[in-house]
Amino acid sequence: MRRGRWSLRARLTVLTAGLLCVTLVAGAVVLSTVVSRSRVAALDDVVRARALTVAGLVTADRLPDALPVAQPGEIVQVLDAEGRVVATSPTASRTLPVLPADVLADLAADAGAGDPVVVGTDASGYDATARAAVLVPPAGDGAVVVATVPLTEVEGLVHALRLSLLGVVPVLTALLAAAIWLALGRALRPVEQLRSAAAQVARTGGPGALPDPGTDDEIGALARTLNEMLDRLEVAAARQRAFVGDAAHELRTPLAALGATLEVARTHPDAYERGELVAELTVEVGRMQTLVADLLLLARLGSRPVPADEVDLGAVARDAAALAVAGSTPGAPGVAVDGAGRARGDAAALGRVVRNLVDNAVQHARTGVRVAVADGSVVVTDDGPGVPAADRERVFARFVRLDDARSRDDGAGGSGLGLAIAREIAREHGGDVLLGDAPAGGLRAELRLPGV
């Protein structure tokens with residue numbers, strides 16, 4: 001099958017089982033090699049010790065009629081310089097040398113005085129393969145001691161071990177592959193549940209949540225991250241729906257007014273002078289521009305991360321006060337700014353919050369507006385009519401206007417979104433806007449922000 005048709009579970013199982021199989025095969029080869037070499041080394045020690053023992057008997061001229069051996073198949077002989085048998089163990093014939101004369105001569109030439117040469121040979125007259133020790137005694141008058149042990153037992157043991165491993169490795173690999181398959185299925189089950197839930201959300205196109213396994217591993221972190229993303233997408237979609245609904249609702253009135261004015265001007269050309277018509281249309285168009293700008297600002301809130309820059313709240317408050325005074329009508333109350341403080345966030349956005357609060361205060365103050373700045377706080381107070389306690393949360397809703405003189409205008413066309421924008425921006429920064437009573441009467445609006 002092409003790689004694209006294999007599931008992740010199958011690919012991981014095959015890969016892991018393949019690596020385990022290779023490891024097991026390498027381990028089997030190493031094990032059989034170690035066993036073979038260790039058994040051969042043990043046989044080398046046996047023939048070496050036997051050759052030294054017999055060489056000592058030759059040197060002492062105390063050769064018995066039958067040379068001693070300790071295990072079945074072991075052969076030890078003393079041969080003269082011509083290769084004839086001088087003495088032998090009961091496991092060999094006195095007429096058949098254990099090694100041919102030419103092989104014996106080569107090994108005897110390599111052997112030092114008192115130091116046996118141990119080699120593997122297939123030239124033994126008694127065994128197909130054997131380990132042989134050849135030693136020339138120092139005072140043996142050219143005699144050569146030869147001791148051999150057959151490798152039949154070792155070869156049979158290694159062969160049996162390899163056959164056993166040949167059967168064990170595939171079975172063990174299959175068992176491990178099955179265990180890996182089951183373990184991966186259990187580990188990937190939450191991923192499949194996440195995929196199914198995500199597909200369901202995609203099909204319905206509505207709000208939804210992915211199942212959280214409740215663990216502190218990577219799958220749990222993925223589920224929580226995806227749920228946070230879905231929540232943000234749902235908030236963004238809700239903002240978009242609210243923007244469309246608010247725009248359709250609030251633009252209906254100015255558009256109707258524009259349509260009515262134009263219809264009157266068309267059917268009764270003499271009813272409007274040109275300058276009067278332009279002035280009236282300019283007011284309505286300005287109101288629509290302000291409304292659309294505020295709606296777009298509300299729709300964009302929450303769509304991007306908030307900067308964590310250090311903001312000078314004193315400078316922000318002074319700039320907002322200057323803009324409020326510049327945009328107010330002649331004879332409007334003045335604005336006094338006191339104190340200094342800092343916070344973290346977007347300076348332009350926080351300036352919009354303070355500007356909305358100051359504009360609202362200037363519009364309704366009788367004699368003056370005071371702005372007090374501290375770390376993480378900007379308090380705007382006025383001496384106007386105030387807002388009843390029962391309405392202090394309701395005024396933050398979009399397009400809510402109170403019945404009395406204190407309407408929720410923002411000082412730039414009366415879109416009715418000033419306090420809604422202020423609270424949304426403040427909460428986006430981790431703070432809030434709260435309303436209360438001013439000490440001397442009027443409204444106290446406080447912007448609270450996390451400190452530096």
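My aim in this report is to walk through the structure given alongside it, one point at a time.

Glancing now at the environment of Asp-382. Checked against the element boundaries, Asp-382 lands in strand β10 (residues 377-382). Among the polar contacts listed, one links the side chain of Asp-382 to the backbone nitrogen of Gly-384, at a separation of 2.8 Å.

Axis separation between helix α7 (residues 347-364) and helix α8 (residues 418-428) bottoms out at 9 Å; the angle between their running directions is 145°. Note that α7 runs across α8; the crossing there is left-handed. Contacts between α7 and α8 pair Ala-349, Arg-352, Val-353, Asn-356 and Leu-357 from the former with Gly-418, Leu-419, Ile-421, Ala-422, Ile-425 and Ala-426 from the latter. Per-class residue counts for the contact of α7 with α8 are eight nonpolar, two polar and one charged.

A separate point is the packing of aromatic side chains. Scanning the entire structure with this criterion turns up zero aromatic pairs. Residue placement shows Arg-423 over the ring face of Phe-396; its charged tip is 3.7 Å from the ring centre.

Spatial strand order, β7-β9-β10-β12-β11: five strands in an open sheet with mixed pairing. Each edge of the open sheet is held by one strand with a lone partner, namely β7 (334-339) and β11 (432-437). Pairs of neighbouring strands in the sheet enclose a mean axial angle of 15°, with direction left out of account. For β7 and strand β9 (residues 368-374), the ladder comprises six bridges, and the chain directions are parallel. Among the inter-strand pairings, Gly-334 is bridged to a residue of β9, identified as Gly-368. Helix-sheet contacts for helix α6 (residues 313-327) involve β7, β9 and β10, and the interaxial angle to β7 is about 175°.

Right, let's get into the side chain of Asp-346. Here Asp-346 is to be found in the loop between β8 (342-345) and α7. The exposure class assigned to Asp-346 is buried, which follows from its relative accessible area of 17%. With near-sequence residues (within four places) excluded, Asp-346 lies in contact with Arg-304, Val-306, Pro-307, Val-311 and His-429.

What follows concerns the packing of α6 against α7. Remark: α6 packs on α7, axes separated minimally by 8 Å, with the N-to-C direction vectors making an angle of 45°. On the basis of the axis angle, α6 is oblique to α7. For the crossing formed where α6 meets α7, the hand is right-handed. Side by side, α6 and α7 meet where Leu-313, Val-316, Ala-317, Ala-320, Ala-321, Leu-323 and Ala-324 of the first sit next to Ala-347, Leu-350, Gly-351, Val-354, Arg-355, Val-358, Asp-359 and Val-362 of the second.

Before going further, it helps to examine unusual backbone geometry. Positive phi is not limited to glycine here, since Asp-61 has a value of about 55°. We classify Asp-61 as exposed; its relative accessible area is 69%.

Once that is clear, we can look at the nonpolar core. If you look at the biggest cluster of nonpolar residues, it comprises 47 residues, and the most contacted ones within it are Leu-313, Val-354, Leu-357, Val-380, Val-433 and Leu-447. Among the elements that make up this core, the one with the highest residue count is α7 (eight residues). In this structure Leu-313 touches Gly-341, Arg-342, Ala-343, Leu-350, Val-373, Ala-374, Gly-376, Ser-377, Val-378 and Leu-449, once residues within four positions along its chain are discounted. Val-47, Val-54, Leu-67 and Val-78 belong to the second-largest nonpolar core, a separate cluster that totals 21 residues.

Turning next to helix α1 (residues 8-59). Between its first and last C-alpha, α1 extends 75 Å over 52 residues, near the 76 Å set by a 1.5 Å rise per residue. Note on α1: the residue one or two positions beyond its end, Asp-61, has a positive phi of about 55°.

To continue, consider the pattern of salt bridges. Any two side chains of opposite charge can pair, so long as their charged atoms come close to each other. Tallying each qualifying case throughout the model produces 15 salt bridges. Between Arg-342 and Glu-310 there is a salt bridge, with the nearest N and O atoms lying 3.4 Å from each other. Pair noted here: Arg-342 is in strand β8 and Glu-310 is in strand β6 (residues 309-312), with a separation of 32 residues, a long-range link. Overall, the relative accessible area of 37% leaves Arg-342 in the partly exposed class. Since its relative accessible area comes to 41%, Glu-310 is described here as partly exposed. Here Arg-444 and Glu-446 are joined by a salt bridge, their closest N and O atoms 3.1 Å apart. Assessed through its relative accessible area of 29%, Arg-444 is described here as partly exposed. The exposure class of Glu-446 is buried, given its relative accessible area of 9%.

The rules we used
In every chain, residue numbers begin from 1 and rise along the written sequence. Given that the model is predicted, a residue must reach a pLDDT of at least 70 before its local features are reported, and side-chain atom pairs must reach 80 or more before they are shown or counted; all residues, however, enter totals for whole chains, interfaces and linings. Side-chain numbers come from the whole structure's heavy atoms, not from hydrogens or water. We count a stretch as a helix when DSSP gives it H or I for four or more residues in a row; a strand needs E for two or more, and each element gets its number in order from the N terminus. Side-chain atoms alone can form a polar contact between residues adjacent in sequence; in general such a contact is a pair of N or O atoms within 3.5 Å, and within protein one must be able to donate a hydrogen while the other accepts it. An axis is simply a line fitted to the C-alpha atoms; with a helix, the fit covers only the stretch in contact. Between two such axes, the angle follows the N-to-C directions and lies from 0 to 180 degrees. A crossing counts as left-handed when the near helix is turned anticlockwise from the far one by less than a right angle, and as right-handed when that turn is clockwise. By definition in these notes, contact holds between two residues if any of their heavy atoms fall within 4.5 Å. Basically, the charged four are Asp, Glu, Lys and Arg, the nonpolar ten are Ala, Val, Leu, Ile, Met, Phe, Trp, Tyr, Cys and Pro, and anything else, Gly included, counts as polar. Note on aromatic contacts: the rings of Phe and Tyr and the six-membered ring of Trp form a pair at centre separations within 6.5 Å, being stacked when their planes are under 30 degrees apart, edge-to-face when over 60 apart, and tilted otherwise. Here, a charge over a ring is recorded when the distance from Lys NZ or Arg CZ to the ring centre is within 6 Å and its angle to the ring normal is within 35 degrees. Should DSSP find at least two bridges between two strands, the strands are taken to pair. Exposure categories follow from relative accessible area, calculated using a 1.4 Å probe and restricted to protein chains: below 20% of the type maximum is buried, above 50% is exposed, and the middle band is partly exposed. For classification, angles of less than 35 degrees are called roughly parallel, those exceeding 145 degrees roughly antiparallel, those between 65 and 115 degrees roughly perpendicular, and all remaining angles oblique. In this description, a nonpolar core means a group of buried Ala, Val, Leu, Ile, Met, Phe, Trp, Tyr and Cys residues linked to one another through side-chain atoms lying within 4.5 Å. Residue count minus one, scaled by 1.5 Å, sets the expected span of a helix. Note on definitions: salt bridges are taken to be side-chain nitrogens of Lys or Arg within 4 Å of carboxyl oxygens of Asp or Glu.

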